[in-house]
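As a plain string of letters, each chain reads:
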Amino acid sequence: MKYAHRVTAIAAISVALSACSGLGVQPWERGVLARPDMAPNSAPMTNALDDHIYFSKEASSGGRSFAGGGCGCN
Amino acid sequence: MSKKVRFTLLATFLMSVATLSSAADRLNAESFDLDNYRGKVLYLDFWASWCGPCRASFPWMNDLRQAYGEDELAIVAINVDTNRGQAEQFLDEHGADFDVVFDQAGSLPPEFEVMGMPSAYLYSAEGELLASHIGFRQSDASEWRHTVDAALAGGQ
Amino acid sequence: MKSYKNLSLALAGASCALMGSSVQAATAGEADVGDWDLSSAVLFYSEPDRVSAVEPILKGVKRIDTDETLTLKLTLDSLTGASANGALPSDRAQTFTRPSGNGSFVTDAGETPLDDTFRDTRVAFNASWEKPLSRMTRMTLGANLSSEYDYTSLSASSTFSTDFNQRNTTLSYGLSLAADTINPEGEIPIAFSAMKNAGDPPNRRTDSDDKTTVDALVGVTQVIDRNSLFVVNYGLSQADGYMTDPFKVLSLVDNNGRPTVADAQTGLADVVYENRPDSRTKHTVYAQYKRAFDANSLDLSYRFMSDDWGVDSHTLDVRYRFNRSAQSYWEPHVRLYQQGEADFYRAFYRDGEQPSAGDQTEFASADYRLADMTAYTLGLEYGRSGTHPWALAMEYYTQSPNTPADAFGVMKKQDLLPPVDAVMLRFKYDF
């Protein structure tokens, strides 16, 4: 089961990497992507606050980036 | 008169000339032609209002404009914003004492194989590409300035 | 001439840093090189009759260069109120000893037992330094220190990002190490030992315990077109050490399904302290899609988590930003969460079936956060830009744990795992 998870993840990343070569834009075409609201982590403070709440209320955490400092609340 | 005082006076004079004559042109991509700048060193820059390092490069380019006369150095900044209003707003905020070309369709960057924003190209008076630069770091700014200074010194 | 140009470009490419065109491109609001960007946020979290928390953050970003930053962040976190201790509600009043061993509290018949002394203040300090290593590779080094009354955590992380394919593809990979120490109020309880009356010698260890966590993360960010991109991350987390909640207990029930009483005189509930495994391996897959629709934008993400405690969870998060103008926006937010219970989750023990005190080979927890559960969040944020951008958000969060399948007898008449509702108010302000 664990092994299957790992294989799935590696396969997903490989497929993503290889399929990606046809996607994309030119360096001067990034006006929209450069908008603050289009950054992958466009609201780091919101995410930090929310992640901390959900971390202490649910059995899951992480995924987006490193969870950061631990907490005694879970 | 010390060198420093003379330089300050010269800079002040050039600054007022730049302001008075307001030599900074605003052009469209169709009217841009490299050959028009033959006979003087050309500093060609690609920029966009959404590009942070471009913002840091504007004071540097304004300094460069003030250091050299129009007859020896041309500075042309090609804007690639698709929204011209955003480019104009950027120019209002940061000022540009040099020529700006608006290329909303993005027709010029492919010709120069632009690989990042900003990208700068330095041409000799004969139209030969002397150097190019991708990006703008404050820590590289003085070194990059030396390259331009050297090109102008070499041209005399 | 042409070849000279290409060579020159190639040299420039090899020797110069390129910025601004990466996905995390500069924003109009950021500080000039050499300046500090100061921002703040505060979260008010409130569960009626239960926990309330206030969490302020102060963050400073020093822009060392156009592609290099130092970020310092200070977080305070103050929790007060009552939290479910894991014991079942009963049709009789139940007495519980406070974690400190001093004093007790009584839970009325029909009420969920809540430890009313839940109170903690956390101070966390975070520093991170992002700098380019080459034209295409960036490095971020981070350090975290988090300290609570009974818990200390130290961690360090490093993340590397490399751009490919004209910066349309970014591969990120990182490692984080954390070392935690726990020394709880009233000391760490002995696994499956019974709660004692207040004032009596408790079943406690006298030492502190610790936990180490290693996190690895690999991710790809891909630009699709001018208006959209996606992110896929895989995370592996390995935690070893003390992961039991020292304040959580399990009820013992009689043949009628009624929680038993340890001391008829004081009404002390017959409960034993929980015990969790000292190792946990988590796998996380996170996928995010961002798309601009003219001035507006969609942020859609999904996370799947699976661990060797048997917990599988799905999280779906949707935000849509209506940029009404360059000056203001509305952003509705919906989050859906579903988790399956941990293998060792159980709501109670039949009296006599509980492991003997000190048995470290058995695991059990009645913490509803490890139970089958669904949760959702509905929120709305309003923000304004300008020289001092600010945003105000209100969110409603509700957790609905499933009633344990093995509930029987009189306990079925009780609301064993009532939903937990919370209201969150979040305010952000940039100086």
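Reading the values: rules and limits
- Residues numbered from 1 in each chain as written.
- Chains lettered and ligands numbered in written order.
- Predicted model: local features only at pLDDT ≥ 70, side-chain atom pairs only at ≥ 80, totals over all residues.
- Heavy atoms only, no water.
- Phe/Tyr/Trp six-rings, centres within 6.5 Å; stacked < 30°, edge-to-face > 60°.
- Lys NZ or Arg CZ within 6 Å of the ring centre and 35° of its normal.
- pLDDT = per-residue confidence, 0-100.
- Contact = heavy atoms within 4.5 Å.
- Pairing = 2+ DSSP bridges.
- Helix = DSSP H or I, 4+ residues; strand = E, 2+ residues; numbered from the N terminus.
- Axes fitted to C-alpha atoms, helices over the stretch in contact; angles between N-to-C directions.
- Buried area = accessible area lost by both parts, 1.4 Å probe.
- Salt bridge = Lys/Arg side-chain N within 4 Å of Asp/Glu carboxyl O.
- Nonpolar A, V, L, I, M, F, W, Y, C, P; charged D, E, K, R; others polar.
- Buried < 20%, exposed > 50% of the residue type's maximum accessible area, 1.4 Å probe, protein only.
- Arc of directions from axis to C-beta.
- Polar contact = N/O pair within 3.5 Å; in protein donor to acceptor, adjacent residues only side chain to side chain.
- Disulfide = S-S within 2.5 Å.
- Expected span 1.5 Å × (residues − 1).

Draft legend 1. Structural view of the packing of aromatic side chains. Counted by the stated rule, this structure contains 24 aromatic pairs over all chains. Every member of this aromatic cluster is reached through a ring pair, and the members are Tyr43, Trp60, Phe136 and Trp144 of chain B. Sitting above the plane of the phenylalanine 102 of chain B ring, arginine 84 of chain B keeps its charged end 3.8 Å from the centroid. The cationic tip of arginine 335 of chain C hangs over the ring face of tyrosine 54 of chain A; the distance from NZ or CZ to the ring centre is 3.5 Å.

Draft legend 2. Region of the structure containing the confidence of the model for chain C. With 93% of its residues at a pLDDT of 70 or more, chain C shows a mean pLDDT of 89. Ignoring residues within four places in sequence, the model shows residues 1–28 of chain C, a span with pLDDT below 50, making 75 contacts including any to other chains.

Draft legend 3. Structural view of the sheet that holds strand β15 (residues 271–273) of chain C. Residue and element names in this part refer to chain C. Pairing within the open sheet is mixed, and its 3 strands lie in the order β15-β12-β20. Looking at the sheet topology across the chains shown, the edges are occupied by β15 and β20 (348–350). Taking the axes of each pair of neighbouring strands and ignoring which way they run, one obtains an average angle of 35° across the sheet.

Draft legend 4. Seen up close, the sheet that holds strand β3 (residues 73–79) of chain B. Residue and element names in this part refer to chain B. Pairing is mixed in the open sheet, where 6 strands are placed in the order β1-β4-β3-β2-β5-β6. Looking along the sheet, the strands with just one partner apiece sit at the ends: β1 (26–28) and β6 (129–134). The mean inter-strand angle of the sheet, taken between neighbouring strand axes irrespective of direction, is 20°. Examined bridge by bridge, β3 and strand β4 (residues 99–102) share 4 bridges and lie parallel to one another. Its bridge partner lying in β4, isoleucine 78 is registered against valine 101. Relative to β4, helix α3 (residues 84–94) is tilted by about 165°, and along the sheet it contacts β1, β2 (41–47), β3 and β4. Contacting β2, β3, β5 (119–123) and β6, helix α5 (residues 141–154) runs over the sheet at an angle of about 165° to β6.

Draft legend 5. Highlighting the interface of chain A and chain C. On the chain C side, the residues contacting the 54 residues of chain A number 96 residues. Counting each side, the surface lost to burial between chain A and chain C is near 6,100 Å², with a carbon and sulfur contribution of 58%. For the pair chain A and chain C, the interface holds 5 salt bridges. With a closest N to O distance of 3.0 Å, arginine 335 of chain C and glutamate 58 of chain A form a salt bridge. Top element by residues in the side of chain A that touches chain C is helix α2 (residues 44–57) of chain A. It accounts for 12 residues. Of the residues assigned to the side of chain A that touches chain C, the class counts are 25 nonpolar, 19 polar and 10 charged.

Draft legend 6. Expanded view of the pattern of salt bridges. In this structure the tally under the stated criterion is 37 salt bridges over all chains. Two residues, aspartate 50 of chain A and arginine 426 of chain C, come together in a salt bridge whose shortest N-O distance is 3.3 Å. A residue pair is termed interchain when its members come from two chains, as with aspartate 50 of chain A in helix α2 and arginine 426 of chain C in strand β23 (residues 420–430). Across the salt bridge formed by arginine 205 of chain C and aspartate 207 of chain C, the nearest N and O atoms sit 3.1 Å from each other. Since its relative accessible area comes to 23%, arginine 205 of chain C is described here as partly exposed. On the accessibility criterion, aspartate 207 of chain C (37% relative accessible area) is partly exposed. Salt bridges here are not isolated pairs; linked through shared partners, they connect Asp50 of chain A together with Asp317, Arg319, Arg321, Glu331, Glu381, Glu395, Arg426 and Lys428 of chain C.

Draft legend 7. α3 of chain B, seen in detail. Residue and element names in this part refer to chain B. If you check which residues of α3 are buried, you get Ala87, Phe90 and Leu91. Looking straight down α3, one finds its buried side chains confined to an arc of 100°; they lie on one side. In α3, the exposed residues that point more than 90 degrees away from the buried face are Asp92 and Glu93. Contacts from the buried residues of α3 go to β1, β2, α2 (52–67), β3 and β4. Measuring from the backbone nitrogen of glycine 85 back to the side-chain oxygen at the start of α3 gives 2.9 Å, which picks out asparagine 83 as the cap. Taken from the residues just after α3, glycine 95 is the one with a positive phi, measuring 70°.

Draft legend 8. Region of interest: the state of the cysteines. Residues and elements named next belong to chain B. Summed over the entire model, instances satisfying the criterion amount to 1 disulfide over all chains. At a sulfur-sulfur separation of 2.2 Å, the disulfide partner of cysteine 51 is cysteine 54. Note on the cysteine 51 and cysteine 54 pair: the S-S dihedral is about 90°, so by sign convention the disulfide is right-handed. The exposure class assigned to cysteine 51 is buried, which follows from its relative accessible area of 1%.

Draft legend 9. Fine view of α2 of chain A. The first and last C-alpha atoms of α2 of chain A sit 20 Å apart over 14 residues, in line with the 20 Å expected at 1.5 Å per residue. For α2 of chain A, every residue scored as buried is listed here: Met45, Thr46, Asn47, Leu49, Asp50, His52, Ile53, Tyr54, Phe55, Ser56 and Lys57 of chain A.

Draft legend 10. Spotlight on the pairing of strand β18 (residues 312–323) of chain C. All names here are of chain C. In β18, alternate side chains face the same way, and those of Ser313, Thr315, Asp317, Arg319, Arg321 and Asn323 are buried while those of Asp312, His314, Leu316, Val318, Tyr320 and Phe322 on the opposite face are not. Direction of pairing for strand β17 (residues 296–307) relative to β18: antiparallel, over a ladder of 10 bridges. Looking at β18, one finds that serine 297 is bridged to arginine 321. Taking the residues that link successive antiparallel strands as the turn, the β17-β18 hairpin has 4 residues, and the phi of glycine 310 there is positive, at about 95°. Note that β18 and strand β19 (residues 328–339) share 9 bridges and pair antiparallel. Residue histidine 314 lies in a different strand from β19, and its bridge partner there is glutamine 338. In textbook terms, the turn of a hairpin is the stretch between consecutive antiparallel strands, and for β18 and β19 this stretch comprises 4 residues.

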